[in-house]
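Geometric and topological summary
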Amino acid sequence: MQTRLLTVATAIIASACVINSVARTPQPVNAPAPVPAGITVDPAQGFVDTSNPAYPAGVSSIGFTFSGSREVMPNPARTAEAKLYYNDFTTPIEVSRVATVDQMSWRTVGVLFKERTWKLEGLYKVEIPEGMFVYVDGTDASGERTGTEPTPAMTLYYEIYRGYNISPASGPVEQLDYIDIRFPDADEVTVNNTISNAQFYLDNSDNLYSISHSIEVDPATGKQTMVRLKLRGADGNEVTAPGTYGVNIPAGVFSFRVYDDYAEDPTDYVEYTTHEMLAKYVVTRGEQPKIEPSTDDEVEWLGDFRLYLPDGMNLWFVDTMGKSYLYQVDEVTGEIDTTRIIAHAVADNYKHGEPYVTLGLYDPVSYDRLTKFVPSPGTYCLITSRSLLYGEWPATSNSDAYSGGSDPYYYYYRVVDINSGVECPGACVEAEQDGPLFNLQGVKVADRAADAVRLPKGVYISGGRKIMIR
C-alpha cells in the first residue's frame, strides 16, 4: 500500500497525521525552511482537507499575513516566480507570477496558481522565492505605495487527502434527519469524547439542537467505518422547518486507521486524525429551483441569473421589488458575511408562461445595472429573497403541495481569477478596438476600448481580459 503520509525531519504535520512506531519508512522529502517569524500562511502547512468547504481551492491559492507595522505589496517588477510541485518534487507543474494584496490592510497578500484548481490527492511543494513581495517603504508623488526591499523566500509542504465524505453533502435538503460520515479507505474508525463539543445549530440564532452518534457498517465496504450523526430539532423530531443549519465537528473528534494489507506485522498502519468539519444545509419547502450559471462550475465573472421554475409549479406572480443579495463567503470558516452586500439581484423582464425568471444584478450603492460583475477570486453566495416566487407548489416525496411564497434559496459560486491580460502604460490599450470597457464592478465606462484615453488609471475589463491603464 502506498503511504499517504507526508513527513519531514521537523514533523510539520504531526498534528494532522500520526504514524505507528512500527510502520513502514515514511516517504522522505526535503525539510522545508521554517516560515519566518511574523508571517502566517493559509492554508497552514500539512494536511489540507478539500472535503471541508473552508479550503475549496486546495493549494491553488496561498495566502500570507505579515504581522507588525510594515506593509507589504506585490513586487512591481513582476519577475519573481512561485513554483508548485506535485508528488515529483523535481519538476514544477505550474509557475506563477500572479500576486495579490488586500488593499484594506496591505499586510495580507497571496499567490494564485491558475492552471486548474489544485486539489488532487497527493503531496505538494510550493516554493515562494525571495522578492515575490516587497515591503512598503513610502509613497510616490501620486500617492502610490513604493518599495524595493524583498520579502524572504519560503518553502511550503502540503498533503491533500480526502479521507472521508459526508452524505448528504452541504447544500439544499428537504429535511435533516441523519448525516453519514464515511471513511472509504479506513479499516478502523474511533470517536473520542470531544464529540460532545459538536454542534448542530440554526444560523443567525442561539438555538443549539440535539446531535448524537453511532458507528455503523458502511454498506459500500462492509466495514464498520461509517459514523452516523442523528440530528433532532427542539421538538425531538427530524428538522423540517425552513432555514440554514450548520453541523460543526471540532478537529480531532474522529481518528481512522489504514492498515497495510501486505505487511508482516499486523499493527502496521497509518493513522489520521480529522481536522474541523463544517457542513451547511438549507432546508426548503419543495424543490430548490435550478439556476444558471450553474453552481457546479467555476466562473470568472457574474451577470444575470436565470432561475428555472420547479416542474409542476403554477407561478402566480414574481416579486419584482424584493431584493436578493450576493454575499462573500469566508474562505476559512465557510460563513456567509451578511454584513457586506456585494451586489443585489431583482427579478426582471418575466413573461407569463416562461419556465424561468431572470434576476438582474445591480450595484448595491449606485444601483447601476451590472452586466458583467468581476469580483475578486473567492466563494460567493446568492440568497434569493423570501417569496420571490409566489404560487402553487407541487408535492414532493416528503411534503404536501402548498400555496404561497418561496423560501430563501442559497446558491454558492466559486469565482476564479480571469486571464491576467496585458499592462498598457498611458492610453495604450491592446484590446478589442470596437468592444466596450467595464470597470471591476461590471459597469460599462466606455463604448470603445479606444476611448480609454479619457479614463482614470486603474484596471478595466475588455473582451474578457484585464486591462491596466497607468
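Here we summarise the structure given alongside this text. What you see is a predicted model, and the numbers here were worked out from it, not measured in a lab.

**With respect to the overall build of the chain**
Counting its regular elements, the chain contains zero helices and 40 strands. For the chain, the residues scored as buried account for 46% of the 470 residues in total. Restricting to contacts in the chain with at least 6 residues of sequence separation, those with at least 24 account for 65%. Carbon and sulfur atoms provide 49% of the accessible area of the chain, an area that totals close to 22600 Å².

**Quick notes on unusual backbone geometry**
For the bond running from Asp 42 to Pro 43, omega is 5°, close enough to zero to count as cis. Along the chain, Pro 43 falls in the loop between β2 (39-42) and β3 (46-48). In this chain, Ser 167 is followed by Pro 168 through a cis amide linkage whose omega measures 0°. Located in the positive-phi region is Arg 78, a residue other than glycine, with phi close to 55°. The partly exposed category is assigned to Arg 78, whose relative accessible area is 40%. The phi dihedral of Ser 387 is positive, around 60°, even though this residue is not glycine. Mapped onto the elements, Ser 387 comes out in the loop between β32 (378-383) and β33 (389-393).

**Digging into the pairing of strand β4 (residues 61-66)**
Pairing of β2 with β4 involves four bridges; the strand directions are antiparallel. In the sheet register, Asp 42 faces β4, and the bridge partner there is Gly 63. Alignment of β4 against strand β9 (residues 108-112), held across five bridges, turns out to be antiparallel. Across the sheet, Gly 63 pairs through a bridge with Gly 110, a residue of β9.

**Re the sheet that holds strand β10 (residues 122-128)**
The sheet built from five strands is open, its strands ordered β3-β14-β10-β6-β7 with mixed pairing. Each edge of the open sheet is held by one strand with a lone partner, namely β3 and β7 (94-96). Shown here is a sheet whose adjacent strand axes are inclined to one another by a mean of 25°, direction ignored. Inspection of the sheet shows strand β6 (residues 82-86) paired to β7 by three bridges, in the antiparallel sense. Considered in β7, the bridge of Ala 82 is made with Ser 96.

**Focus on the side chain of Asp 218**
Its location among the elements puts Asp 218 in the loop between β20 (208-216) and β21 (226-232). At a separation of 2.9 Å, a polar atom in the side chain of Asp 218 contacts the main-chain amide nitrogen of Ala 220. Apart from residues lying up to four places away in sequence, Asp 218 is in contact with Arg 182, Lys 223, Thr 225 and Met 226.

**Let's talk about the side chain of Asp 363**
For Asp 363, the location among the structural elements is in the loop between β31 (356-362) and β32. Despite being buried, Asp 363 has no salt bridge partner; Arg 340 is the closest side chain of opposite charge, sitting 9.9 Å away. Of note is the side chain of Asp 363, whose polar atom sits 2.8 Å from the backbone nitrogen of Val 365.

**What about the packing of aromatic side chains?**
Applying the stated criterion across every chain, the model contains 14 aromatic pairs. When the centroid spacing of 6.2 Å and the interplanar angle of 55° are considered together, the rings of Phe 64 and Phe 133 count as tilted. Here Phe 64 is found in strand β4, whereas its partner Phe 133 is found in strand β11 (residues 133-135), with 69 residues between them in sequence. The same class applies to Phe 64 as to Phe 133, namely buried. Ring geometry for Phe 183 and Phe 254: centres 6.1 Å apart, planes at 70°, overall edge-to-face. With Phe 183 in the loop between β17 (178-182) and β18 (188-191) and Phe 254 in strand β23 (residues 254-259), the pair connects residues that are 71 residues apart, well separated along the chain. Residue Phe 183 shares its accessibility class with Phe 254, and that shared class is buried. The ring of Tyr 135 has Arg 70 sitting right over it, with the charged end atom 4.3 Å from the ring centre.

What counts and how
Residues numbered from 1 in each chain as written. Predicted model: local features only at pLDDT ≥ 70, side-chain atom pairs only at ≥ 80, totals over all residues. Heavy atoms only, no water. Helix = DSSP H or I, 4+ residues; strand = E, 2+ residues; numbered from the N terminus. Buried < 20%, exposed > 50% of the residue type's maximum accessible area, 1.4 Å probe, protein only. Contact = heavy atoms within 4.5 Å. Areas by Shrake-Rupley, 256 points an atom, 1.4 Å probe, with all protein chains shown as cover. Pairing = 2+ DSSP bridges. Axes fitted to C-alpha atoms, helices over the stretch in contact; angles between N-to-C directions. Polar contact = N/O pair within 3.5 Å; in protein donor to acceptor, adjacent residues only side chain to side chain. Lys, Arg positive; Asp, Glu negative; His and termini not counted. Salt bridge = Lys/Arg side-chain N within 4 Å of Asp/Glu carboxyl O. Phe/Tyr/Trp six-rings, centres within 6.5 Å; stacked < 30°, edge-to-face > 60°. Lys NZ or Arg CZ within 6 Å of the ring centre and 35° of its normal.

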